[in-house]
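# Coordinate analysis (summary)
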Amino acid sequence: MPQSLSQTQSQKVEQQLRLSQQQLQLVKLLEMPIAEFEEQVKKELMENPALEEGALFDDSKEGADSSNVAESNDTGVDPYSDQEGDDYWSSLDYDDDDLPVYSSGGQEDRRRELPIADGGSFIEYLESQIVNYELTDDKERVLRYLIGSLDHRGFIDRPIEALTEELAFKEYLYVTNKDVEDVLHVLQSFDPAGIGARSTQECLLLQIDRKLKSPEASAQDYKQRMLLMERNIISEHYDLFLNKNKERLKNKLGLSAIQIDALFEDIKKLNVNPGFALNEAAGERAQTQIPDFIIETDPEGEIQLRLSNGEVPRLHVSQEYIDQLKRFQHAREKMTRGEKEGLVYTRQKIEAAQMFIESVKQRRRTLYETMKAIIDLQRAYFLSKDENDKARLVLEDVARRTGFDVSTISRVCSSKYALLDGRIYPLSSFFKLTRKNAEGQEIDGRQVKMLLKEIVENEDKKHPYSDDKIVELMKEQGLALARRTVAKYRMELGIPSVNGRHG
């Protein structure tokens with residue numbers, strides 16, 4: 001059957017949403033926490049000579065009406081025409097009059113030094129392991145104090161007697177030296193191995209002992225013998241080990257030179273600074289926690305909000321570049337090729353500076369309106385700091401109140417922190433998500449976690465509960481959950497599975 005070839009022409013209408021260059025820039029700025037934002041401002045100042053800085057922000061000017069902010073993008077004036085005036089160019093700056101101090105009262109704003117939280121993850125990781133141990137309230141307080149007393153290496157650098165005195169003096173906790181010693185042994189069983197050691201020697205011994213108890217060492221006789229010899233070297237001949245006196249060790253232990261070298265190489269693999277690994281991991285997981293918002297409350301129920309300016313200076317377009325552009329414009333007809341290129345370059349730099357200033361302004365307005373909405377929606381919690389007063393709140397609630405897109409709210413709330421009455425909170429902590437139980441009813445995740453933790457703490461350590469058993473116990477308490485939901489909450493709390501909790 002013959003085939004025929006033909007051409008057809010068709011039209012296709014397609015609608016695409018494309019972000020402008022300024023919108024893309026704003027998206028990036030919104031995602032940045034204050035420390036990263038400071039660096040971005042410095043970078044823009046270095047790369048664009050038409051962008052200049054003035055003095056640092058003056059907090060005394062905060063409180064001005066935000067409706068007075070000059071909106072240079074809405075002037076309707078062509079910055080490259082001959083009709084622009086000095087009033088237009090003078091609006092191309094960014095100062096601290098952009099936003100008011102949000103306050104439910106009329107308290108005078110006071111500038112305070114912003115605290116910088118430590119990496120946090122180092123302490124939090126260790127404290128998350130406390131749930132695996134059955135401790136009295138006093139012993140748990142001692143354990144938390146010991147964790148807080150670790151130095152950067154993960155060591156306890158003070159004698160037991162000094163720690164006992166500190167607990168009595170600072171914590172009003174009266175315990176014996178033996179009590180502190182017993183709790184220290186609990187800390188030394190935490191991960192990573194070697195944490196809580198009082199010396200490098202003890203740190204090495206803790207790690208060797210941990211290896212001796214491992215299934216690998218139990219299953220391999222040669223590995224166990226090797227670890228026992230390493231323990232003998234560190235515990236009985238530590239000075240010879242430090243001085244690398246292999247010859248004397250060989251004679252004392254009756255080993256060959258090859259065996260001694262192998263033992264030394266294996267000991268070298270141990271970590272003499274267990275705290276370093278945790279601090280490095282914390283550095284990778286989280287940036288330094290500098291608050292983006294400062295919130296203060298008082299007993300009368302007033303809440304005051306202001307944005308943290310950090311080290312961000314006032315920004316404005318260079319007057320020198322503005323004057324240069326005007327000179328080019330007045331001599332357009334007689335311009336050489338080089339002067340025309342200079343005109344294009346000057347325009348581009350001024351335009352980029354203006355766009356960055358407007359993005360910075362919009363970033364501040366967006367952050368301010370978002371945080372204000374969160375405060376309004378969680379007012380009871382901000383005043384009491386009581387989890388029971390936290391209302392259900394999701395990103396969509398804040399988006400509806402502010403008029404911003406949910407993706408915008410998400411960018412604002414990620415990697416941002418608020419200083420609330422002297423304590424730093426991640427913005428995510430102000431939201432309250434609920435999940436549905438097996439019957440489709442919404443449940444409070446905080447209540448589930450509290451009950452789950454209580455069940456595990458009170459279980460028989462020799463016969464811990466399975467997830468299925470925990471489901472049954474929770475159902476008796478009025479919480480009907482699926483087994484996978486219980487497992488998810490258990491993992492969020494850092495509680496091992498039944499096999500990992502078996503005593």
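The structure presented is a predicted model; accordingly, all values stated were derived computationally and were not measured.

Attention now goes to the overall build of the protein chain. What the protein chain contains, in helices and strands, is 23 helices and 10 strands. The burial tally for the protein chain puts 42% of its 503 residues in the buried class. With an accessible surface of roughly 28900 Å², the protein chain has 47% of that area assigned to carbon and sulfur atoms.

A few words on the environment of Tyr489. Among the structural elements, Tyr489 can be located in helix α22 (residues 483-492). Taking the C-alpha atoms as reference points, Tyr489 and Val448, 41 residues apart in sequence, are found 7.8 Å from one another.

Let's shift gears to helix α5 (residues 137-148). For α5, with 12 residues, the first-to-last C-alpha span of 17 Å sits near the 16 Å given by 1.5 Å per residue. Every buried residue of α5 is accounted for by Val142, Leu143, Tyr145, Leu146 and Ile147.

Among the 5 residues that make up strand β4 (residues 293-297), 4 are buried, leaving the element largely enclosed by the rest of the structure. Where β4 and strand β5 (residues 303-307) come together, 5 bridges link them in antiparallel fashion. Paired with Glu296 across the two strands is Gln304, which belongs to β5. The loop that links β4 with its antiparallel partner β5 comprises 5 residues; one of these, Gly301, has a positive phi angle of about 90°. Of the pairings in the sheet, the one linking β4 to strand β7 (residues 417-420) comprises 3 bridges and is parallel in character. Bridge assignment links Ile294 to a residue of β7, and that residue is Leu419.

Another aspect to go through is the packing of helix α10 (residues 221-236) against helix α13 (residues 257-268). Two numbers describe how α10 lies on α13: the axes approach to 10 Å, and their chain directions differ by 80°. It follows that α10 is roughly perpendicular to α13 by the angle criterion. Contact residues: Lys223, Met226, Leu227, Met229, Glu230, Ile233 and Ile234 in α10; Ala262, Leu263, Asp266 and Ile267 in α13. Of the residues that constitute the contact of α10 with α13, the class distribution is 8 nonpolar, no polar and 3 charged.

The subject of this paragraph is the packing of α5 against helix α7 (residues 177-187). One can describe the packing of α5 onto α7 by two numbers: an axis separation of 9 Å at closest approach and a directional angle of 65°. In the packing of α5 onto α7, the handedness of the crossing is right-handed. Contacts between α5 and α7 pair Lys139, Val142, Leu143, Leu146 and Ile147 from the former with Val180, Val183, Leu184, Val186 and Leu187 from the latter. Here the contact of α5 with α7 is composed, by residue class, of 9 nonpolar, no polar and 1 charged.

It is worth spelling out a negative patch on the surface at this point. A cluster of acidic residues, Glu52, Glu53, Glu320 and Asp323, forms a negative patch on the protein surface. With respect to the secondary-structure elements, Glu52 resides in strand β1 (residues 51-56). According to the relative accessible area criterion, Glu52 is partly exposed, its value standing at 31%.

Let's shift gears to the nonpolar core. Counting 27 residues, the largest nonpolar core has Phe293, Ile295, Met371, Ile374, Phe382, Leu427 and Phe430 as its most contacted members. If you list the elements that add at least two residues to this core, you get α1 (21-31), β4, β5, α16 (337-377), α17 (379-384), α18 (395-402), α19 (406-413) and β7. Top element by residues in this core is α16. It accounts for 6 residues. With residues near it in sequence (within four places) discarded, Phe430 still touches Met371, Ile374, Gln378, Tyr381, Phe382, Leu393, Ala418, Leu420 and Tyr425. Listed in part, the 23 residues of the second largest apolar core include Met32, Leu45, Leu51 and Phe356.

This paragraph deals with the pattern of salt bridges. Side-chain pairs of opposite charge can arise whenever the charged atoms involved come near each other. Applying the stated criterion across every chain yields a total of 23 salt bridges. Asp467 is the partner of Arg490 in a salt bridge, and the nearest nitrogen-oxygen pair spans 3.0 Å. One end of the pair, Arg490, is in helix α22; the other, Asp467, is in helix α21 (residues 467-476), with 23 residues separating them in the sequence. Where salt bridges share partners, they join Glu127, Glu140 and Arg144 into one cluster.

With 16 residues, α10 extends 22 Å from end C-alpha to end C-alpha; this agrees with the ideal 22 Å at 1.5 Å per step. Here α10 has its buried residues at Lys223, Met226, Leu227, Glu230, Ile233 and Ile234. Projected down its long axis, α10 carries its buried residues within an arc of 115°, all on one side. Of the residues in α10, the exposed ones pointing more than 90 degrees away from the buried face are Asp221 and Glu236.

Inspection of the secondary structure assignment puts Leu240 in helix α11 (residues 238-242). The residues touching Leu240, leaving out its near neighbours within four places in the chain, are Asn245, Arg248, Leu249 and Lys252.

This part covers unusual backbone geometry. With an omega of 0°, the peptide bond running from Asp191 to Pro192 counts as cis. Tracing the backbone through its elements, the reader meets Pro192 in the loop between α7 and α8 (200-212).

Moving on: the side chain of Gln25. You can see Gln25 is positioned in helix α1. Other than its neighbours up to four places away in sequence, Gln25 contacts Glu44, Met355, Phe356 and Ser359.

Per the stated rule, a full pass over the model turns up 6 aromatic pairs. Ring centres 6.4 Å apart and planes at 65° place the aromatic pair Tyr381 and Phe430 in the edge-to-face group. Here the residue Tyr381 occupies a position in helix α17, and Phe430 occupies one in the loop between β8 (423-426) and β9 (434-436), the gap between them amounting to 49 residues. Taking the relative accessible area as the measure of exposure, Phe430 reaches 0% and is therefore buried. An aromatic cluster is built from Tyr381, Phe382, Tyr425 and Phe430, whose rings are joined through pairwise contacts. The lysine or arginine in question, Arg363, covers the ring of Phe37, its NZ or CZ lying 3.9 Å from the ring centre. Here the basic side chain of Lys390 rests over the ring of Tyr381, its NZ or CZ set 4.7 Å away from the ring centre.

Once that is clear, we can look at the confidence of the model for the protein chain. Considering every residue of the protein chain, the mean pLDDT works out to 76; 76% of them sit at 70 or more. Summarising per-element confidence for the protein chain, the mean pLDDT is lowest in helix α3 (residues 86-90) (36) and highest in α7 (93). In the predicted structure, residues 14-18 sits below a pLDDT of 50 and forms 1 contact with residues beyond four places in sequence or in another chain. When the criterion is pLDDT under 50, residues 116-120 qualifies, and its contacts beyond four places in sequence or with other chains add up to 8 contacts.

How each quantity is defined
- Residues numbered from 1 in each chain as written.
- Predicted model: local features only at pLDDT ≥ 70, side-chain atom pairs only at ≥ 80, totals over all residues.
- Heavy atoms only, no water.
- Helix = DSSP H or I, 4+ residues; strand = E, 2+ residues; numbered from the N terminus.
- Buried < 20%, exposed > 50% of the residue type's maximum accessible area, 1.4 Å probe, protein only.
- Areas by Shrake-Rupley, 256 points an atom, 1.4 Å probe, with all protein chains shown as cover.
- Expected span 1.5 Å × (residues − 1).
- Pairing = 2+ DSSP bridges.
- Axes fitted to C-alpha atoms, helices over the stretch in contact; angles between N-to-C directions.
- Parallel < 35°, antiparallel > 145°, perpendicular 65-115°, else oblique.
- Contact = heavy atoms within 4.5 Å.
- Nonpolar A, V, L, I, M, F, W, Y, C, P; charged D, E, K, R; others polar.
- Left-handed = near helix turned anticlockwise from the far one by under 90°.
- Patch = residues over 30% accessible without salt bridge, like charges linked within 9 Å, V, L, I, M, F, W, Y side chains within 5 Å.
- Salt bridge = Lys/Arg side-chain N within 4 Å of Asp/Glu carboxyl O.
- Lys, Arg positive; Asp, Glu negative; His and termini not counted.
- Charge placed at Lys NZ, Arg CZ, Asp CG, Glu CD.
- Core = buried A, V, L, I, M, F, W, Y, C linked by side-chain atoms within 4.5 Å.
- Arc of directions from axis to C-beta.
- Phe/Tyr/Trp six-rings, centres within 6.5 Å; stacked < 30°, edge-to-face > 60°.
- Lys NZ or Arg CZ within 6 Å of the ring centre and 35° of its normal.
- pLDDT = per-residue confidence, 0-100.

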